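Below, each chain spelled out in residue letters.
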Amino acid sequence: MRTALVGLESHPMTERVIRVAIAAPLHRVFDYRLSTWEAAVGCRVRVPFGRTRAIGVILAVDVRSDLPTDRLRSVEQVLDRVPLLGIDDLAFLQWVADYYRHPVGEVVAGALPLRLRKGAAVTPLGEAVWALTPAGAEQVEAHLSRAPRQMELLAWLAGQPGQMATPTQLRDALGDVARTLRAVRAKDWVEARESAAVVDPLPVVQSATVLNPQQAAVIEQLGTCRAGFSVALLDGVTGSGKTEVYLRLAASVLAQGRSVLVLVPEISLTPQLLGRFSERLGSTVRVLHSGLNEREREQTWHRLARGLSRVLLGTRSAIFAPIADLGLVVVDEEHDPSFKQTEGLRYSARDLAVVRARRAGCPVILGSATPALESLRNVESGRYRHMRLEQRAGAAASPRIDLLDIRDQPLHAGLSEPLLDSVAAALAREEQVILFLNRRGYAPVLSCFSCGWLSDCPRCDARQTLHRGSGLLWCHHCGTRRRVPRSCPACGATGLQPLGQGTERLEVFLAERFAGVPLIRVDRDATARRGALERQLARLQVARSALLVGTQMLAKGHHFPRVTLVGVVDADGGLYSADFRGTERMAQLLVQVAGRAGRGDLPGRVLIQTRFPEHPLLNTLVRQGYPAFAAAALRERRAACLPPYSHQALVRAEAVRAEHAEEFLERLAAWAGAEAQAGVELWGPVPAPMTRRAGRHRVHLLMQATCREALHALLHGLPEHVAGLRGARRVRWSLDVDPVDLY
Ligand code: ADP
Ligand code: ZN
Ligand code: ZN
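The following paragraphs examine the structure supplied in this document. This structure is a prediction, so every number in the text was calculated from the model and none was measured. (Residues numbered from 1 in each chain as written. Chains lettered and ligands numbered in written order. Predicted model: local features only at pLDDT ≥ 70, side-chain atom pairs only at ≥ 80, totals over all residues. Heavy atoms only, no water.)

1. Here we look at the packing of aromatic side chains
Both the distance between ring centres and the angle between the ring planes are used here to describe each pair of aromatic rings. Scanning all chains against the criterion turns up six aromatic pairs. Considering the side-chain rings of Phe92 and Phe320, the 6.3 Å spacing of their centres and the 40° angle between planes classify their relative orientation as tilted. Taken together, the residues Phe92 in helix α1 (residues 87-99) and Phe320 in the loop between β12 (311-314) and β13 (326-332) connect sequence positions 228 residues apart. On the numbers, 5.1 Å between centres and 5° between planes, the contact of Trp95 with Tyr99 is stacked. In this pair, Trp95 and Tyr99 both sit in helix α1, four residues apart, roughly one turn of the helix. You can call Trp95 partly exposed: its relative accessible area is 27%. Tyr99 gets classed as buried once you look at its relative accessible area, which sits at 13%. Among the aromatic residues, those joined into a ring-pair cluster are Phe92, Phe320 and Tyr347. We note Arg440 situated over the ring of Trp474; from NZ or CZ to the ring centre the distance is 5.8 Å. (Phe/Tyr/Trp six-rings, centres within 6.5 Å; stacked < 30°, edge-to-face > 60°. Helix = DSSP H or I, 4+ residues; strand = E, 2+ residues; numbered from the N terminus. Buried < 20%, exposed > 50% of the residue type's maximum accessible area, 1.4 Å probe, protein only. Lys NZ or Arg CZ within 6 Å of the ring centre and 35° of its normal.)

This is how it looks when you write it as C-alpha cells:
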C-alpha cells in the first residue's frame, strides 16, 4: 500500500524546506521553500530551476538545508495529492543512484512513466464508460421511445453490471452505435462517467500438474524461507519445469495477499509466456515492455503501485516499477545480457533484483539453464542457494552434440557437406531443422576483387553489412546506410562480391537447395513488424518438414516440437573474442540453441561447425556439458583474477579528436592513481576495441579491484572530480559499474 500522507494537514503560512530530486546531469539534490502548499514525500513539484522550471520529486520534507531559508527558491506548485513513489521506492532509487554513481534526479525521473516525468496530471485509473441515467432507466421500463435502435441500446445497458459499459464493450455487443449514442445522450438518457478502478480477481484454481520430486523439493525448500530474504539459483535445463516452479510459488505469494515481480529477457516476453502466466494466475498478471503505449504503461504502473494488480511481468526496466507488498522476485534466464542496460544509467536488472528483494525482505529466484559465472560464483561462496532441476519434465531426452571440423571442407553459403547431408536426411524424414547464424543481413562485407576495396563504414572501424533484400549497405554499429553501389567506388570495376555469410544469404541458398520446403527466417530484419514472428512460427505448427534460419532470436522462449536437428553455422566468433566473456556467451548461446532440438517425442541432434575443434573449453562444453564448462571457465577467471573474482568499472570517453579523449582519461587516471587505495588497478587509457564509432574516437580506462569497497571508494568521488577536469566539455564520457562487455 502507498505510504501514508505526510503533512496533509496543511500548515498555512508556515514555511517548510523540502528536498527535491530533479532530472539534471548533476550529482546532487535541491532544497526549496514551500509555503501554504501541502506536500508529502513522493509527490511531484514544479520548481524554478536555473533560468527555467523543472519537475522534481520530493525526497524529504522539513529538512535542514545548508543554505539559509531566505536564499532558497520557492516551489511553484505541488502536482500530486497522493505520492507517486513510496519512501521505500525512493530509498531503493537512491541506492541505485549511489551504487552506479548516476545523478539521483535522473534515476528517480527514469522510474516514472514518461507523461508524469513531464509534469502531466495522473491519468484516472478508472475507465471511461457510458452509463444509463435515471431518465434512461425510465425509458427502458416504460418503452416510451419509438426508436428501436435507441431502445435496444438502453435495454442492453440496463442489463450490464452497474448499468454501464466501455465504448469497446458497447461496440462489440451492438456494432457501430455512434449515431444512436449521440441521440440518447442529447436526451440525457445516457451519460459519460468514470468507473471506479477495480481490483483484479486473484486465481482460485489450483494447478493439476503433479510436480516431479525435484520440483517438489525446490518448492519445499523455498517455502521454508518464504518468511524473508534469500536468493536461490534455479539451475535447470530448458524444459525441466522452471516456469512451473515460478507459477506455483507466485500463486502461493498471491494467496498471502502479496505481489510478484517476474523479469524476463527482451526476446522472451512472448505472447506464449504471458498466456501461460495469465492462464494460471488470471487477469492480475500485467506486463511492462517497450512495445506498450504510454497510457497502457502508466495504467499498469499505477495498478501495481496500488496493489490493484499483483503480478508484473516485464523486461529489465520493470525493476524500477513501484509494487505494493512485494513478496517474490523471479529473474528468468538470469544469464541473459539484455538485463544489463548499456547506456544512460548502466544498471543490471538481475543484480538489482537481488537488492530489491533484500530491501523488501522476500525471496528472489534466478532461473537459468546456463547460469552466469557471476551467479555460480555466488553459489560457491555460499551467498546463493543452488537448486537443480536435472530432468526434462516431459519424456524428451537431451540432444546429442557433435563438433564438425570444417578446416578442410568446401563450404556452400557457409555450410559444409556433412551438415547439408544431415539437413537433407532430417527433411526426408519430414522433420524440422534449425540453422543458427548470429549475423543478420546478406553478407558482413562487400568487396571489389580488382582493387581490394571493402565496404567500410565511413564513421566506424567496422564494415557495412550488405542487405540484399533492401539494397543497402548498412552499418550495424552506427546505423549509417547507403545504397549498394553498382560499381566499385574506388576503381570503377563492376562485379562487387559479397564476402562471408549472413542469415539472408543462407536463406537464399537454402531456398534454392531445398526448393519446396517451407523456409522461415527469424532475425531482427525479418520480424521488424510486431506480430510477424508469431505469424511465421504459427506456420511451423502445421508444417511437417521445415527449415528455420535465424539469429539468437531463435534461441529463446519458443517451443518447436518437430525440430530434430540444429546446425550451428559458425561457433568460432566467441572463442577468440576480444572480450573475456566471449566464451561464456558462446557457451550459453550454444546450449540455448541446442535446447531447441528434440523437445517433442523425437530425439534431437546438434552439429556445431568450427575451425577450432580442439578448443579446450568448447570440448568441455560438448563432452561434459555446461556445469563442467562453467567450472573450467571459473578456474580460468580465478587464475587471471577477472570477474567474478574481481570487480570492474569502466570509464568510456569519446571525442571527435582522439587526443581530446586520451588527454581527458590521462588526467582522470592521474587523479585515480593518487586517490585509489591499495589493491585498485588502473588499466589505460587504451583505445577501445572499436576505436572509431559514429565518427568519434573512443578511449577506455578500466579500474579493477578484488575488493568491491576499495573500488567503490574510488568511484564515489569520480563524477564530481570529472566535472572539474580540464577538457571535460570536449568529450562525451560515461561510467559503467560492473560492465558486462568491454566494448
Ligand atoms: P522451463 O521453464 O524449465 O523451460 P517449463 O516449466 O516450461 O520448463 O516446463 C516444460 C514443459 O513441461 C511445459 O510444457 C510444462 O507444462 C511441462 N511440465 C512442467 N512440469 C511438469 C510436471 N511436473 N509434470 C508434467 N509436465 C510438466
Ligand atoms: Zn575496386
Ligand atoms: Zn558505422
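2. A few points about the sheet that holds strand β28 (residues 605-610)
The six strands are arranged β16-β28-β27-β19-β26-β25 in an open sheet whose pairing can be described as parallel. At either end of the open sheet lies a strand with only one pairing partner, and these are β16 (400-405) and β25 (519-522). Each strand of the sheet is rotated relative to its neighbour by a mean of 20°, with strand direction disregarded. Examined bridge by bridge, β25 and strand β26 (residues 546-550) share four bridges and lie parallel to one another. Within the sheet, the bridge partner assigned to Leu519 lies in β26 and is Leu547. Here helix α18 (residues 616-624) sits on the sheet and contacts β16 and β28; the angle it forms with β16, its principal contact strand, is near 145°. (Pairing = 2+ DSSP bridges. Axes fitted to C-alpha atoms, helices over the stretch in contact; angles between N-to-C directions. Contact = heavy atoms within 4.5 Å.)

3. Focus: the coordination of the zinc ion (ligand 3)
A metal bound by six donors in octahedral fashion has ideal angles of 90 or 180 degrees, whereas one bound by four tetrahedral donors has an ideal angle of 109.5 degrees. Listed as protein donors to the zinc ion (ligand 3) are Cys457 (SG), Cys460 (SG), Cys475 (SG) and Cys478 (SG); their distances from the metal cover 2.2 to 2.4 Å. Of note is the zinc ion (ligand 3), whose four donor atoms meet at the metal with angles of 104 to 115° in an arrangement that counts as tetrahedral. Of note, the donors binding the zinc ion (ligand 3) are all from one chain and are spaced C-x2-C-x14-C-x2-C. Placement of the pair is Cys460 in the loop between β20 (445-447) and β21 (465-467) and Cys478 in the loop between β22 (472-474) and β23 (481-483), with a sequence separation of 18 residues. Note on Cys460: relative accessible area 3%, which makes it buried. (Donors = N, O, S within 2.8 Å, 3.2 Å for Na, K, Ca; no water. Tetrahedral: all angles 85-135°; square planar, octahedral: opposite > 155°, others 65-115°.)

4. Looking at the site of ligand 1
Close to ligand 1 lie 15 residues; Val210, Gln215, Gly239, Thr243 and Arg276 are nearest. For ligand 1, a nitrogen atom lies 2.8 Å from a polar atom in the backbone of Val210. At 3.1 Å, a backbone N or O of Glu244 approaches an oxygen atom of ligand 1. Out of a free accessible area of 560 Å², ligand 1 has 68% covered by protein chains. At three residues, the largest contribution of residues to the shell around ligand 1 is made by helix α9 (residues 242-255). Residues belonging to the shell around ligand 1 are distributed by class as follows: four nonpolar, eight polar and three charged. (Near = heavy atom within 4 Å. Polar contact = N/O pair within 3.5 Å; in protein donor to acceptor, adjacent residues only side chain to side chain. Areas by Shrake-Rupley, 256 points an atom, 1.4 Å probe, with all protein chains shown as cover. Nonpolar A, V, L, I, M, F, W, Y, C, P; charged D, E, K, R; others polar.)

5. A look at the packing of α9 against helix α10 (residues 271-281)
Across the interface, α9 lies against α10 with an axial gap of 11 Å and an inter-helix angle of 40°. When the axis of α9 is compared with that of α10, the two are oblique. Classified by chirality, the crossing of α10 by α9 is right-handed. Contacts between α9 and α10 involve Thr243, Glu244, Tyr246, Leu247, Arg248, Ala250, Ala251 and Leu254 from the former and Arg276, Phe277, Arg280 and Leu281 from the latter. Residue composition of the contact of α9 with α10, grouped by class: seven nonpolar, one polar and four charged. (Parallel < 35°, antiparallel > 145°, perpendicular 65-115°, else oblique. Left-handed = near helix turned anticlockwise from the far one by under 90°.)

6. Examining helix α14 (residues 417-428)
Here α14 is 12 residues long and its end C-alpha atoms lie 16 Å apart, about the 16 Å a rise of 1.5 Å per residue gives. Looking at α14, one finds that the buried residues are Leu419, Leu420, Ser422, Val423, Ala426 and Leu427. For α14, the angular spread of the buried residues around the axis is 160°, confining them to a single face. Facing away from the buried surface of α14 by more than 90 degrees, the exposed residues are Asp421 and Ala428. Directly beyond the C-terminal end of α14, a positive phi value near 60° is found at Glu430. (Expected span 1.5 Å × (residues − 1). Arc of directions from axis to C-beta.)

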